[in-house]
Every structure is written in C-alpha cells, then in structure tokens.
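Understanding the architecture of this molecule
Take a look at the letters that make up each chain.
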Amino acid sequence: MSSVAGGYLFLLGLAFGLALLALTAYARVSPRWLRWLLMAAGLFVAGRYVAMACFALAQTPERVWALRRLWFGSVAGLTLPSIFAVDALIRHPAMTPKKLLLRFSPFLAAYTALILFGHATPIADRVAGWAVSLTPGWRLFASSVQALFVLGFLGLCVLLVWKIPVPAIRAALLMLAAAHGYLALDGLLVATGGWYVRPFLYSEMLTLLALWHAFQTAARLQGGS
C-alpha cells in the first residue's frame, strides 16, 4: 500500500472518529424521537467512512458493492442535523422539532430517493481500490438538491448572525455556514473536474466539528453542561 493510500485510510479513520464525536452531542438532544433520528443520521455518516475504507481495500468492487448506499450517507447525515443544530441554538418559540422536520421533508425525500434509487457505477480510485460514482442524471439531481439546500441554509445562518447579538451563538452559526460553504465549494470542484485525495472528506470533517460545537454550545447556553 502506498503512503498516499495509507494517509487516505488515516483520514477516513479520523472522519469516523469525528462522526462518533458528533453522536455524543446528538445523544443529549430532546425530545427522544429527535435524539434517535439524529443518532441514526450520525451512524449513517459513520457508515459512509466504513464503506469508503472497504472500497479502498477491495480487490474488486463486487465484493463490497452492497455497501454502495452508505457511500452517499452524508447527504442526509449532515444536512438533517444542521437544521436542528440551528434550531437548538435559536430556540424560537414558534418553531417545534416536528414543524422543522416537516419543512425539511422535501429535502429528506430527495435524499432518500438518491440513496435508495440513485444509479451508481464503480470506478477505479486514484488513491486505492475503488470509488462509487453516480450516473450523470443522478449527479445532476444530487447537485441541484444540494445547491438549493446550501443556498437556503447559508442565507438563514447569515440572517440569524445579523439579528442575534449573542457571541457564542453567532460563532456557532458562522462555523456551520463556513462548513456548508466548504461543502458547496467541493461540489463545484467535482462538477468542474477538479480532484484531490477525496473530495468532500475535509469539508465533511469540518461540518462534523461544526455540528458538535453547535450542539455543545446550545447545551451550555441552556445550562445543560
């Protein structure tokens, strides 16, 4: 195994650890149904890094092809917790977790369709083993849905930063906005044919840290720690 491939596996292990770190923050969320929903999303993200490692080590993609659905676990596993992280920070009396989930449901339906029905093919990876690539039509679908989410999410974060004077909340919102902005830049890089060790890996790690920080900040401000 090359040093680059070894470094890639190390990064996957680090990302897996950050996914588990985010889970520790989700475990303190209430109500209970939301806690389990966020933890399921977090486990899906952790499963993505397990799948990526398995594909990197596989001699042939057929041996691990059953894990291909996990490859796209971050599309819902990072966006869903992000909206509830903002809600945990703001605690607007007119917004309940059920209302927020209902508003997010079109995106959740789109992400579910992508994960369950999206057509993908194995491609030889430049670093190690294999990777999973969506077919052009599904790639366009994923990019369009994600672009809509990012635009709305960044606009919401910027608006709230402008309105809320609490430094800790503003810092957490800015970190979430920066993380999703970085994810969007990664998407543009992929769309234009750019490449590095693994697009989205660094930006996903930043997003996991931002989520952990946001939920920890919310718990601290509410006297939970």
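Higher on the page you've got the structure.
Residues numbered from 1 in each chain as written. Predicted model: local features only at pLDDT ≥ 70, side-chain atom pairs only at ≥ 80, totals over all residues. Heavy atoms only, no water.

**Considerations on the pairing of strand β2 (residues 130–134)**
The side chains of a regular strand alternate, first on one face of the sheet and then on the other. Note the following rule: Burial status follows relative accessibility: with a 1.4 Å probe on protein chains alone, a residue under 20% of its type maximum counts as buried, one over 50% as exposed, and anything between as partly exposed. A helix here means a DSSP run of H or I that spans at least four residues, while a strand means a run of E at least two residues long, and both kinds are numbered starting from the N terminus. At least two bridges found by DSSP between two strands is the condition for calling them paired.
A large share of β2 lies buried, amounting to four of its five residues. Of the pairings in the sheet, the one linking strand β1 (residues 120–124) to β2 comprises five bridges and is antiparallel in character. Counted as the bridge partner of I123 is A131 from β2. Turn length for the β1-β2 hairpin, with the two strands adjacent in sequence and antiparallel, is five residues, and the turn residue G129 shows positive phi of about 65°.

**Focus on the packing of helix α4 (residues 79–90) against helix α5 (residues 97–117)**
Put simply, the test is: As a rule, the C-alpha atoms of each element are fitted with a line to give its axis, helices using only the stretch in contact, and angles between N-to-C directions run from 0 to 180 degrees. Roughly parallel here means an angle under 35 degrees, roughly antiparallel means over 145, roughly perpendicular means 65 to 115, and every remaining angle is called oblique. Crossings are classed by handedness, with left-handed meaning an anticlockwise turn of the near helix from the far one by less than a right angle and right-handed meaning a clockwise turn. Two residues form a contact once any of their heavy atoms are found within 4.5 Å. For this classification, Asp, Glu, Lys and Arg are treated as charged, while Ala, Val, Leu, Ile, Met, Phe, Trp, Tyr, Cys and Pro are nonpolar and the rest, including Gly, are polar.
The geometry of α4 relative to α5 is characterised by a closest axis approach of 10 Å and an angle of 160° between their N-to-C directions. Regarding the angle of α4 to α5, the classification is roughly antiparallel. Two packed elements cross with a definite hand, and for α4 against α5 that hand is right-handed. The segment α4 lies against α5, with T79, L80, I83, F84 and D87 engaging P97, L100, L101, F104 and Y111. Tallied by class, residues from the contact of α4 with α5 come to eight nonpolar, one polar and one charged.

**Quick word on the layout of surface pockets**
To keep it simple, the criterion reads: A pocket here means an open set of points on a 1 Å grid, computed over the protein atoms alone, that has protein on both sides within 12 Å along at least five of seven lines. A cavity is instead a set of points where a 1.4 Å probe fits but cannot get out; residues with an atom within 4 Å of a point line either one. Grid points are joined across faces, edges and corners, and a volume is the space filled by probe spheres set on the points.
A volume near 1,200 Å³ is recorded for the largest pocket. Lining the largest pocket are 40 residues, and of these R139, G187, V190, P199 and F200 lie nearest its centre. Ranked by residue count, the leading element in the lining of the largest pocket is helix α6 (residues 136–163), at nine residues. In terms of residue class, the lining of the largest pocket is built from 25 nonpolar, nine polar and six charged. The space that makes up the second largest pocket amounts to roughly 510 Å³. Around the second largest pocket, the lining is made up of 20 residues, and of these V86, M95, L100, R103 and L156 lie nearest the centre.

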